[in-house]
Amino acid sequence: MAHEASQFASRVDVVRALRQATITGLIAFGLFLPLIGFKTVQNIHNQLILETRWPLLAALVAIIAGGRFVYALLIAPWLARRALRPRPEHAPRARLARWLVPFALGFAIVYPPLVLSVTGIQGAVKWIDNFGVQILIYVMLGWGLNIVVGLAGLLDLGYVAFYAVGAYSYALLANAFGLSFWILLPVAGCLAAFWGILLGFPVLRLRGDYLAIVTLAFGEIIRLILINWVPVTNGYAGISGIPRPTFFGIPFNASDEGFAARFGLEFSPIYRTIFLYYLILALALVTAAMTVRLRRLPIGRAWEALREDEIACRSLGINTTNTKLTAFAMGAMFAGFAGSFFAARQGFISPESFGFMESAVIVAIVVLGGMGSLIGVVIAAVIMIGGTEIMRELDFLKAVFGSDFDPTQYRMLLFGFAMVLIMVWRPRGLIATREPSTFLKARHAFLSHEPQSEGTQASLVRERHG
């Protein structure tokens, strides 16, 4: 009887999973039919004609329905059983940080020589620049926004404006006065922090959705200024010929005074790429170190108090005006550093590089990684930015979906799907735990159950009662 009951239960589970997969497939078919099933193209007579892509639509619907079937049959029961298990005593973040942080730091340091040994010089330029440097730029931006959103709890949808201020400050000052990258790097950060303070003053009394709307408008204002202030910013044409950073005054070019000639090496763009990689790695590590340090200072604890409850923060005597302004200024300063590096790396900037989509990606990195978590921001940046670059290499998918299939066109669809999954399974982000900024070791020892001497107990009692 027990065996027959288990067989009946398994059949019921399969039928339920098939029903859910069928419903999900029908919903996916209805959603993707106008988006993917049909495509408008221009023929030789400049007329728009409608083409169908039934194989691509059928493949996507089958993948979604199959994923729903596997989830309903295997993953959902496993998650239900896992939820009933007792949770471990130690926080997962502490165990994760114990081995992940040293491993990630070591991997980041040896990444360029590792790529060189695997792919050679030609392939290393692409992998170091498109993956290493690009991901580290967004890691730095995510850590800067993490101060505003993750620590202070102020939703900023116009963070890319400070990124643009840093980039254009470096480009304009470098072209006009010929100053070096090392002088203009702190200048760009200070100018971005100044604009962060200017943004902070009008939004001191705003919270939640209203704050998000104002910061979004600020980002659009900066973008429109960059487009329409043509005598200064050159409008849509952008700014070109931006000086590149040098290695202690030695440029990375093919001249006799270049880096390769100075050290007796054959000229190759790999040297400049490796230098830029370690430069942005150093800037990102400085950002992380300053964030950790600020979080332990009184201003960091004030940010976290503001994030949890602004009314209680005011009742404790904390100056919320200064707290908000410092959060905006510090976050904007790191964005200015990243913007100046971006301008120096590219040698050309234009308003198209600082649209709202950049702000959305940075906010998504902070939210998906876990607000307030440095490790989570790194993981989310690697997944989102690295995943976008990986999709450019998936040429074999053209053999499955057709020669005109471009995987990069579906990256925002995948981002949205990933955010939905994170919000369902991990509402507070990948790294959802929060460690206290500071704690009283003496009180912890006093409240613990470990035996203590009479003198220690007496000193702890005096410390506790003042």
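Keep in mind that what you see is a predicted model, and the values were worked out from it rather than measured.

Rules of the game
Residues numbered from 1 in each chain as written. Predicted model: local features only at pLDDT ≥ 70, side-chain atom pairs only at ≥ 80, totals over all residues. Heavy atoms only, no water. Helix = DSSP H or I, 4+ residues; strand = E, 2+ residues; numbered from the N terminus. Buried < 20%, exposed > 50% of the residue type's maximum accessible area, 1.4 Å probe, protein only. Contact = heavy atoms within 4.5 Å. Areas by Shrake-Rupley, 256 points an atom, 1.4 Å probe, with all protein chains shown as cover. pLDDT = per-residue confidence, 0-100. Core = buried A, V, L, I, M, F, W, Y, C linked by side-chain atoms within 4.5 Å. 1 Å grid on protein atoms, 1.4 Å probe; cavity = no way out; pocket = protein on both sides within 12 Å on 5 of 7 lines; lining within 4 Å. Points joined across faces, edges and corners; volume = space filled by probe spheres on them. Nonpolar A, V, L, I, M, F, W, Y, C, P; charged D, E, K, R; others polar. Phe/Tyr/Trp six-rings, centres within 6.5 Å; stacked < 30°, edge-to-face > 60°. Expected span 1.5 Å × (residues − 1). Bend = angle between axes of the 7 residues up to and from the residue. Patch = residues over 30% accessible without salt bridge, like charges linked within 9 Å, V, L, I, M, F, W, Y side chains within 5 Å. Salt bridge = Lys/Arg side-chain N within 4 Å of Asp/Glu carboxyl O. Pairing = 2+ DSSP bridges. Axes fitted to C-alpha atoms, helices over the stretch in contact; angles between N-to-C directions. Parallel < 35°, antiparallel > 145°, perpendicular 65-115°, else oblique. Left-handed = near helix turned anticlockwise from the far one by under 90°. Polar contact = N/O pair within 3.5 Å; in protein donor to acceptor, adjacent residues only side chain to side chain.

Visitor: Describe the overall build of the chain, naming the residues involved and giving the relevant values.
Guide: Each helix and strand counted, the chain has 18 helices and four strands in total. Residues counted as buried form 40% of the 466 residues belonging to the chain. When contacts within the chain are restricted to residue pairs at least 6 apart in sequence, long-range pairs at least 24 apart make up 71% of them. A total accessible area of about 26100 Å² is found for the chain, and carbon and sulfur atoms account for 66% of it.

Visitor: Describe in detail the confidence of the model for the chain, supporting the description with residues and values.
Guide: Per-residue confidence for the chain gives a mean pLDDT of 81; residues scoring 70 or more make up 85%. In the predicted structure, residues 442-466 sits below a pLDDT of 50 and forms 10 contacts with residues beyond four places in sequence or in another chain.

Visitor: Describe in detail the nonpolar core, supporting the description with residues and values.
Guide: Side chains of nonpolar character tend, in soluble globular proteins, to be buried together. With 96 residues, the main nonpolar core has Leu141, Ile349, Phe354 and Ile365 as its most contacted residues. With 20 residues, the single largest contributor to this core is helix α3 (residues 92-151). Filtering out sequence-adjacent residues up to four positions away, Ile349 remains in contact with Ala167, Tyr168, Ala171, Gly238, Ile239, Ile242, Phe342, Ala343 and Phe354. If you look at the next biggest cluster of nonpolar residues, it comprises seven residues, including Ala28, Phe32, Leu56 and Leu57.

Visitor: Can you tell me about empty space enclosed by the protein, naming the residues and giving the values?
Guide: In the structure shown here, the tally under the stated rule is three cavities of 30 Å³ or more. In this structure, the largest cavity occupies an estimated 50 Å³ of space. Taken together, Leu157, Gly158, Val160, Leu216, Gly219, Glu220, Arg223, Phe354, Gly355, Phe356 and Ser359 make up the lining of the largest cavity. Those elements that place two or more of their residues in the lining of the largest cavity are α6 (208-228) and α13 (356-369). Ranked by residues supplied to the lining of the largest cavity, first place goes to α6 with four residues. In terms of residue class, the lining of the largest cavity is built from five nonpolar, four polar and two charged.

Visitor: If you had to explain the packing of aromatic side chains to someone new, which residues and values would you point to?
Guide: Within this structure, the stated rule accounts for 24 aromatic pairs. Centroid distance Phe247 to Phe248: 5.0 Å. Interplanar angle 80°. Geometry classified as edge-to-face. Take Phe247: its relative accessible area is 27%, and that puts it in the partly exposed class. The exposed category is assigned to Phe248, whose relative accessible area is 76%. The interplanar angle of 90° and the centroid separation of 6.0 Å between the aromatic rings of Phe247 and Phe275 together place this pair among those described as edge-to-face. Linking Phe247 in the loop between β3 (239-240) and α8 (259-262) with Phe275 in helix α9 (residues 270-296), this pair joins segments that are 28 residues apart in sequence. Take Phe275: its relative accessible area is 14%, and that puts it in the buried class.

Visitor: Would you mind going over helix α2 (residues 54-84) in detail, with residue names and values included?
Guide: Side chains of residues three or four places apart in an α-helix project in the same direction, reflecting 3.6 residues per turn. Taking 1.5 Å of rise per residue, 31 residues should cover 45 Å, and α2 covers 44 Å from first to last C-alpha, within 8% of that figure. Where α2 bends most, the angle comes to about 45°, and this point is Tyr71. Here α2 has its buried residues at Leu56, Leu57, Val61, Ala65 and Ala72.

Visitor: Could you give an account of a nonpolar patch on the surface, naming the residues involved and the relevant values?
Guide: Taken together, Trp99, Phe103, Leu105, Phe107, Ile109, Val110, Leu114, Val118, Tyr278 and Leu285 make up a surface patch of nonpolar side chains, about 950 Å² in accessible area. When contributions to the nonpolar patch are tallied by element, the ones reaching two or more residues are α3 and α9. Mapping Phe107 onto the fold places it in helix α3.

Visitor: I'd like a rundown of the pairing of strand β1 (residues 38-42), residues and numbers included.
Guide: Alignment of β1 against strand β2 (residues 48-52), held across five bridges, turns out to be antiparallel. Residue pairing in the sheet places Thr40 in a bridge with Leu50 of β2. The hairpin turn running from β1 into β2, its antiparallel successor, is five residues long, and Asn46 in that turn takes a positive phi close to 60°.

Visitor: Hey, could you go over the packing of helix α5 (residues 181-200) against helix α12 (residues 320-346) for me, with residue numbers and the actual values?
Guide: Taken N-terminus to C-terminus, the directions of α5 and α12 make an angle of 140°; their axes are 7 Å apart at the nearest point. As the angle between them shows, α5 and α12 are arranged oblique. When you trace α5 past α12, the crossing you get is right-handed. Of the residues in α12, those touching α5 at Phe181, Leu185, Pro186, Ala188, Gly189, Ala192, Ala193, Gly196, Ile197, Leu199 and Gly200 are Leu325, Phe328, Ala329, Ala332, Met333, Gly336, Phe337, Ser340, Phe341 and Ala344. In the contact of α5 with α12, the residues fall into 16 nonpolar, five polar and no charged.

Visitor: Can you lay out the side chain of Ser340 for me, pointing to particular residues and giving the numbers?
Guide: Here Ser340 shows up in helix α12. One polar contact links the side chain of Ser340 to the main-chain carbonyl oxygen of Phe337, over a distance of 2.7 Å. Those residues in contact with Ser340 that sit more than four places away from it in its chain are Gly166, Ala167, Tyr170, Phe181, Leu185 and Ala188.

Visitor: I'd like a description of α13, backed by residues and values.
Guide: For α13, which comprises 14 residues, the first-to-last C-alpha distance of 20 Å matches the rise-based estimate of 20 Å (1.5 Å per residue) to within 8%. Considered for burial, the residues of α13 that qualify are Ser359, Val361, Ile362, Val363, Ala364, Ile365, Val366, Leu368 and Gly369. A positive backbone phi angle near 115° is found at Gly370, which sits one or two residues after α13.

Visitor: Tell me what's going on with the packing of helix α4 (residues 160-177) against α12, and back it up with residues and numbers.
Guide: One can describe the packing of α4 onto α12 by two numbers: an axis separation of 6 Å at closest approach and a directional angle of 45°. Classified by the angle their axes make, α4 and α12 are oblique. Relative to α12, the crossing made by α4 is right-handed. Contact residues: Phe162, Tyr163, Gly166, Ala167 and Tyr170 in α4; Ala332, Ala335, Gly336, Ala338, Gly339, Ser340, Phe342, Ala343 and Ala344 in α12. Considering only residue class, the contact of α4 with α12 consists of 10 nonpolar, four polar and no charged.

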